[in-house]
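So the chains spell out like this:
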Amino acid sequence: MICRPRLMKEQNDLQKLNDPTMIIQVNETDILIWYVYLFGPEETPFENGIFKIKVSIPPNYPVKAPTLHFLTRIFHPNVHMDTGEVCLEVLSQKWEPRWTIESIIRAVRLMLQEPNPDSPLNCDAANLLRANDIIGYKSIAQYYTSKYAIDKHEYMNKVNVKDKKTQ
């Protein structure tokens, strides 16, 4: 597995970064499976949620792109409603070995902020945006966030309580 040293470096870099918008967990028994808990971007219908994403890394990474699937249900034109598959050009046509797991996750975060209805995996979400029904799109996306995502405020309260207990 040629990608092992690179993945170890990327994992270390991410731990040092300590980015408050994402939590990364590497599978203990398989370094090719990562889980990302992505905090929904502010001022989007996803802002109150935390979304779990599975990153499956091929053995020939970085030559070949990883695949990403939302394990948390989400209403977004670029995420397949049933499988959670993510449609991003950087994961297909525009993939380059210089991309990292961190940069891909940042691209997903940007995708949540700027949905692309012209490349849909969820036609219902895309049609709402194409019809300029922003209120309808945001309402459904907020509903899915409240129903399926981890509640960001609840999570932060639990983290703060744990921090206080360890002091």
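None of these values were measured; they are calculated from a predicted model. Once a new chain begins, its residue numbering starts again from 1 and follows that chain's sequence as written. At least 70 in pLDDT is required for a residue's local features to be given in this predicted model, at least 80 for side-chain atom pairs to be given and counted, and no such filter applies to totals for whole chains, interfaces and linings, which use all residues. Side-chain measures were taken over the full set of non-hydrogen atoms in the model, leaving aside hydrogen atoms and water.

## Some thoughts on the nonpolar core
The tendency in soluble globular proteins is for nonpolar side chains to be buried side by side.
Argument step 1. By size, the foremost hydrophobic cluster in this structure holds 42 residues, and its most contacted members are Trp34, Leu68, Phe70 and Val108.
Argument step 2. Look past the residues within four positions of Trp34 in its chain and what remains in contact with it is Leu7, Glu10, Gln11, Leu14, Ile24, Gln25, Val26, Ile53, Lys54, Val55, Ile57 and Ile101. Only buried Ala, Val, Leu, Ile, Met, Phe, Trp, Tyr and Cys residues count toward a nonpolar core, and they belong to the same one when joined by side-chain atoms within 4.5 Å. Remark: exposure states derive from per-residue accessible area (1.4 Å probe, protein chains only) relative to the maximum for the residue type, with buried under 20%, exposed over 50%, and partly exposed in between. Residue contacts follow a heavy-atom distance rule, with two residues in contact if any of their heavy atoms lie within 4.5 Å.

## Side note on the packing of aromatic side chains
Argument step 1. Any pair of Phe, Tyr and Trp rings, taking the six-membered ring for Trp, is counted once the centres come within 6.5 Å. Such a pair is stacked with planes under 30 degrees apart, edge-to-face with planes over 60 apart, and tilted for the rest. Scanning the entire structure with this criterion turns up eight aromatic pairs.
Argument step 2. Centroid distance Phe46 to Phe51: 6.0 Å. Interplanar angle 80°. Geometry classified as edge-to-face. The same class applies to Phe46 and to Phe51, which are both buried.
Argument step 3. Plain terms: the ring middles of Phe75 and Tyr137 are 6.0 Å apart, the flat faces sit at 40° to each other, and that makes the pair tilted.

## Some points on the UniProt feature "active site" (unreviewed entry) in the protein
Argument step 1. UniProt positions are given in the numbering used here, feature names are shortened, and annotations may be inferred rather than shown by experiment. Cross-referencing UniProt, the feature "active site" (unreviewed entry) maps to Cys87 in the present numbering.
Argument step 2. Tracing the backbone shows Cys87 in the loop between β4 (67-70) and α2 (101-113).
Argument step 3. Once residues within four sequence positions are removed from consideration, Cys87 is found in contact with Asn78, Met111, Ser119 and Leu121. Counting from the N terminus, the helices are DSSP H or I runs at least four residues long and the strands are E runs at least two residues long.

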